[in-house]
Amino acid sequence: MSSEELVVEPVLKISGLCFSYPDGNQVLGDVNLEVMPGEQVGLIGPNGAGKTTLFLEICGVLKPSDGDIVVLGKPVLNGDFRPDVGLVFQNPDDQLFCPSVRDDVAFGPQNMGLSNDEVEARVTEALSAVGASKLVDRPSHHLSEGEKRMVSIAGVLAMRPRLVIYDEPGANLDIRSRRRLIRLLQASAETFLVASHDLELVLEVCNRVVLIDRGRIVADGNPREIMGNDRLMEAHGQEKPHSLIPHQIPH
Amino acid sequence: MSSEELVVEPVLKISGLCFSYPDGNQVLGDVNLEVMPGEQVGLIGPNGAGKTTLFLEICGVLKPSDGDIVVLGKPVLNGDFRPDVGLVFQNPDDQLFCPSVRDDVAFGPQNMGLSNDEVEARVTEALSAVGASKLVDRPSHHLSEGEKRMVSIAGVLAMRPRLVIYDEPGANLDIRSRRRLIRLLQASAETFLVASHDLELVLEVCNRVVLIDRGRIVADGNPREIMGNDRLMEAHGQEKPHSLIPHQIPH
Amino acid sequence: MNFGIDEYIHLGSPFHRWDPRFKLIGLMALIFAFSFVQDLRMLPAMVLVTALVYGISRLPVSFMLTRLRYQSFFLLAVVVLLPFLSGQTVVASIGPLDLRQEGLVAVLLIATRFLCILTVGLVMFGTASFLTTLKAMRALGLPAILTDMALLAFRYLDEIGGYLHRMETAMRLRGFRGRRLSPHGLGVLAWLGGSILVRSYERSEWVYKAMITRGYGHAKPARGEFQACTADVVALGLTLLIVAGFVAGEVLI
Amino acid sequence: MHIPDGILPAAVCGAGYAATVPIIWYSVRKINQEANPRESIPKAAILTAAFFVVSWIHIPVPPTSVHLVLNGLLGAVLGYYAFPAILIGLFFQAVMFQHGGLTTLGVNAIVMGVPALLAYHIFRLRNIRREAGRITTGIFGFLAGSCAIGLSAGLFLVILVSFIGAGFDVEVERAAIYTLAVAHVPLMFIEGTFTALVTVFLHRVRPRMLDYA
Ligand SMILES: Nc1ncnc2c1ncn2[C@@H]1O[C@H](COP(=O)(O)OP(=O)(O)OP(=O)(O)O)[C@@H](O)[C@H]1O
Ligand SMILES: Nc1ncnc2c1ncn2[C@@H]1O[C@H](COP(=O)(O)OP(=O)(O)OP(=O)(O)O)[C@@H](O)[C@H]1O
Ligand SMILES: [Mg+2]
Ligand SMILES: [Mg+2]
């Protein structure tokens, strides 16, 4: 690590994190990870690798069996509400629990204790950031999949988190909505972590990739290098993205 | 159409199919489609194009406003049970309602009135076809996403349908499970229709592609030709799959 | 899935504009005043007020007629049975059955009260979105546990209804015909019901996680969603006057 | 089995509302004694919606089909949340389907909700000696389901017959109650069986869901 980086405080610092679900088997074993401001990290790995579990740990929803998590210099405590960390859940229906879009986006800011005017301003800002201003008065359950995804992202951005975590944001989207999401992530200035099985998406939006398997980080570095490494990828149930494969068929 | 094809009876013949939901707007307008035995057809198109609606029509769940659907020479009647057509739902949870995997796969054959031995044989056969024999005694609600997908396919295959319809079978799968699914589809001898937003998957398993948009078939033919056609794909909100794009980056 | 109850919330009548909190209080009081009516002579006034309310609300008559359908069985049973079963004063005999006066009066009262209350209820809930109504109830001080639960249940009703719909379709496509009552058939339906409960339970665990990451329970949601103006208060006053009229009429007559 | 508007005198409707207050208060108090009451609210709320949906399942009883009430099952699964859940469910029904009534909401909540709490206590007994197995769960599920619906039917009839109209012949009254009560026996059997089957399913698939009881 260069001396320059040491001056900047990491956004996220995980050291020696272990976790087991009550039923016993260990899901995370000794995870160490440091994310610097401006880094946009892709987290890849097979089903059950522990990606979602890791995210829930970072947000303080689950209590680590061992190890520490520090976000922006402050340790994450179990059950704490940390508006500076925002988690976008894999299934937007889990996250859009308020009956209308406005209520949903306002939920986080309201719980931060902001005034009504401030909340309203946040709602407008977040919805326009994701290009969903038109939806503000719609009931959450009548949105299309792509719209739901955008609104659930707005609900998180409205808290102005400094670290945003996306759990499989590309799932269930059609090609148009997926492209819109990629644009949004590419334009985003926040530090973020994104877990995805859609490696092309990771390749387009991330400047760093972490490969996780069975609760351990097995590779960490440049996206093209890691995803281009056939041996590594195959050993962990991944496939090299098509855009990194030489062509058999002439165009 | 060559004279040879005329001798073979089409598995599916849709002519002039129109459909509107009770709330009024037309979802399918004049769909004509003929599928021959052994054809493996990919159905692509944006969200809301009418793919799922078309599938429900083919299975006789929805009643056409106009037009005919004939499967294996017999017209499809609304509400009929046709074991020769099998539909695999987009979300496996919609299809798995029995307490154990065995019960679930046996459900269709039992309702067909088969003897217990026959049912048992079908269960074994279908589960081994999808490579899920080990799961037979597990409760269906405890499986991973990929396992659920395979069991729900087995539940359909156990009825030995001659036309299998897959609605977004690749959704929510990790790379390993997706690969397993692709192998299964590639090895399958049945005629099938598969709707998917994962164009790479369609490219790997289908020998014919139908592009549908706003309830109309806008293209029908060779997968590489249709998906390689930038203008066509973009006009209907699709993206050319990466494996058909020339490379910018040298390997 | 609110079954079209908010189909006409955009009509913009005075009832649509009335502050939902005041509307709830006013119309609830009116409904209770109606159920208080025991005297036949009060019925014309009740019908008149109801017609006035429904007229002002601009809801189409067809809306009321379709809604009436759901309850008509019970009403029919009452209308058919009561005149024969209730009371002592026989006014006519049809074969072995005696038509009794008290029963007839009761039927008239019940049917009118039923229709009027139903109609006013439709105005109460058909002129604002169901969500707005629930929020108004929260603003009126209903316990948080009830309104939180109602809001969440309302949000997920549609979705869980979708589970049922798709699972029933999946069962039908695999040949299940639940037309006869058999142990096996009932068992399958119980699996269906159980599966829906399990799926909903799992969903609720995720929803809870999503709620706490956004600070659920950290601050009471800011109130003040509704702002009443003078007209709202005047309308409430008027309604309560009518209510008082009914009560007074009933007591004095 | 929902009493519509207009049938009952205002005093009875008012009494119904008044009676729900202490029951809600008691339920909320019990809920707040739990380890994490906040966690259970989304659970209870979403299951309320789920029970609402499950009661739409058509149970074939030739020549027609019936919808089950399921208040016994609701009690068994939701414990003290059962009463608020039923109140909300009835409110939704009254508003969306005009089924039941607005003035009779309190009365109906008592008719459905008190038996649900009874069912909860019955179902709890299954663990009294040792961790219940599948058969014990089924038996207590049956008891919970059939007792709840039986009690509800009883309350419903008593309220209806005592407050409707202008006084019946004692004979007519008794005959009506007996006939209707007998007519409910098959319903008790179906509700009980269905409740038993669902509790056994849950016991097998997600035993955690029966932890309340
Ligand atoms: N609530 C739970 N109780 C017990 N085990 C759990 C629970 N949730 C997850 N697990 C287990 O923990 C492991 C990691 O799960 P996790 O959801 O974190 O994986 P993931 O990497 O997010 O996978 P996916 O790509 O499918 O989202 C899996 O083996 C899973 O079975
Ligand atoms: N039950 C319904 N009632 C009314 N409209 C419906 C219903 N189901 C679907 N639609 C509408 O019909 C259109 C086609 O829907 P359909 O589900 O067939 O699309 P699809 O091509 O399968 O989309 P996706 O890729 O999202 O699965 C959409 O506009 C949708 O809003
Ligand atoms: Mg995950
Ligand atoms: Mg679809």
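Sequence order sets the numbering: in each chain, residues are counted from 1 along the sequence as written. For naming, the first written chain is A and the first written ligand is 1, with later ones following in the order written. The model is predicted, so local features are restricted to residues of pLDDT at least 70 and side-chain atom pairs to those at 80 or more, both for listing and for counting; the totals for chains, interfaces and linings are taken over all residues. Computation of side-chain values: all heavy atoms of the structure, hydrogens and water removed.

Draft legend 1. A look at the site of ligand 2. Residue and element names in this part refer to chain B. By convention in this text, a residue qualifies as near a molecule or strand provided that one of its non-hydrogen atoms is within 4 Å of it. Taken together, 13 residues surround ligand 2, and among them N47, G48, K51, T52 and T53 come closest. Definition of a polar contact: a pair of N or O atoms within 3.5 Å, with one able to donate and the other able to accept a hydrogen when the atoms are protein atoms, and with sequence-neighbouring residues admitted only if both atoms are side-chain atoms. Note that an oxygen atom of ligand 2 is positioned 2.8 Å from one of the backbone N or O atoms of G50. Between ligand 2 and K51, the relevant distance is 2.7 Å, taken from an oxygen atom to a main-chain nitrogen or oxygen of the residue. Bound to the protein, ligand 2 loses 63% of the 630 Å² it would expose on its own. By residue number, the principal contributor to the shell around ligand 2 is helix α2 (residues 51-58), which donates three residues. By the convention adopted, Pro, Cys, Tyr, Trp, Phe, Met, Ile, Leu, Val and Ala count as nonpolar, Lys, Arg, Asp and Glu as charged, and the other residues, Gly among them, as polar. Taken together, the residues of the shell around ligand 2 sort by class into four nonpolar, six polar and three charged. All accessible-area figures derive from a Shrake-Rupley calculation using a 1.4 Å probe, and residue coverage is judged against the displayed protein chains alone. The way it works is that DSSP assigns letters per residue, a run of H or I at least four long becomes a helix, a run of E at least two long becomes a strand, and they are numbered from the N terminus.

Draft legend 2. Focus on the interface of chain B and chain D. For this analysis, residues touch if any pair of their heavy atoms sits within 4.5 Å. Facing the seven residues of chain B at the interface are four residues of chain D. A 1.4 Å probe defines the accessible area here, and the buried area is the portion of it lost by two parts on being joined, summed over both. When chain B packs against chain D, close to 460 Å² is buried across both sides, 58% of that on carbon and sulfur atoms. Broken down residue by residue, the surface that chain B buries against chain D is led by B:P99, B:H141 and B:H142, which jointly contribute 77%. One can count two residue pairs in polar contact (both at pLDDT 80 or more) joining chain B with chain D. Looking at the side of chain B that touches chain D residue by residue, the classes come out as three nonpolar, three polar and one charged.

Draft legend 3. Region of interest: the site of ligand 1. Residue and element names in this part refer to chain A. Looking at ligand 1, there are 14 residues lining it, with N47, G48, K51, T52 and T53 nearest. Within the contact set of ligand 1, an oxygen atom lies 2.9 Å away from a backbone nitrogen or oxygen of G50. Burial of ligand 1 by the surrounding chains reaches 64%, relative to a free accessible area of 640 Å². Across the shell around ligand 1, the residue classes tally to four nonpolar, seven polar and three charged.

Draft legend 4. Molecular detail of a positive patch on the surface. Only residues above 30% relative accessible area that lack a salt bridge enter a patch, with like-charged residues linked at up to 9 Å and the nonpolar side chains Val, Leu, Ile, Met, Phe, Trp and Tyr linked at up to 5 Å. Here, a salt bridge means any side-chain nitrogen of Lys or Arg that lies within 4 Å of a carboxyl oxygen of Asp or Glu. Residues scored as charged are limited to Lys and Arg (positive) and Asp and Glu (negative), so that His and the chain ends carry no count. Where a charge sits is defined by one atom per residue type, namely NZ (Lys), CZ (Arg), CG (Asp) or CD (Glu). Together, A:K134, A:R176, A:R180 and B:R214 make up a region of like positive charge exposed at the surface. Mapped onto the secondary structure, A:R176 falls in helix α7 (residues 175-187).

Draft legend 5. Seen up close, the packing of helix α3 (residues 71-78) of chain D against helix α4 (residues 82-97) of chain D. Residues and elements named next belong to chain D. An axis is simply a line fitted to the C-alpha atoms; with a helix, the fit covers only the stretch in contact. Between two such axes, the angle follows the N-to-C directions and lies from 0 to 180 degrees. One can describe the packing of α3 onto α4 by two numbers: an axis separation of 9 Å at closest approach and a directional angle of 135°. On the basis of the axis angle, α3 is oblique to α4. Note that α3 runs across α4; the crossing there is right-handed. Within the contact between the two elements, α3 uses N71, L74, G75 and L78 and α4 uses A82, A85 and I86. Looking at the contact of α3 with α4 residue by residue, the classes come out as five nonpolar, two polar and no charged. Any angle that falls under 35 degrees is termed roughly parallel, while one over 145 is termed roughly antiparallel, one within 65 to 115 roughly perpendicular, and all others oblique. In this scheme the handedness of a crossing depends on how the near helix is turned from the far one: anticlockwise by less than a right angle means left-handed, clockwise means right-handed.

Draft legend 6. Main features of the domain arrangement of chain C. All names here are of chain C. Partitioning chain C into domains gives domain 1 (14-138 + 226-252) and domain 2 (142-213). Where each domain starts and ends comes from a domain assignment, either automatic or drawn from a database. Using only C-alpha atoms to locate each centre, domain 1 and domain 2 end up separated by 34 Å. Tallying the contact residues gives five residues for domain 1 and five residues for domain 2. Each partner contributes to the roughly 550 Å² buried at the junction of domain 1 and domain 2, and carbon and sulfur atoms together form 79% of this total. Broken down residue by residue, the surface that domain 1 buries against domain 2 is led by L134, M137 and R138, which jointly contribute 69%. Where domain 1 meets domain 2, there are zero salt bridges. Where domain 1 meets domain 2, there are one residue pair in polar contact (both at pLDDT 80 or more). Here the residues of the side of domain 1 that touches domain 2 sort into four nonpolar, no polar and one charged.

Draft legend 7. Local environment of the pattern of salt bridges. Residue and element names in this part refer to chain A. Under the defined criterion, the tally for this structure stands at 44 salt bridges over all chains. Among the salt bridges present, the one from E120 reaches R102, with a minimum N-O distance of 3.0 Å. Residue E120 is located in helix α5 (residues 116-129), and its partner R102 is located in helix α4 (residues 101-111); the two are separated by 18 residues in the primary sequence. Its relative accessible area of 26% is what places R102 among the partly exposed residues. Only protein chains enter the accessibility calculation, which uses a 1.4 Å probe. A residue is then buried if its area is under 20% of the maximum for its type, exposed if over 50%, and partly exposed in between.

Draft legend 8. Summary view of unusual backbone geometry. Residue and element names in this part refer to chain A. Its identity is not glycine, yet D30 carries a phi of approximately 55°, on the positive side. With respect to the secondary-structure elements, D30 resides in strand β2 (residues 26-35). One non-glycine residue, R160, adopts positive backbone phi at about 50°. For R160, a relative accessible area of 43% puts it in the partly exposed group.

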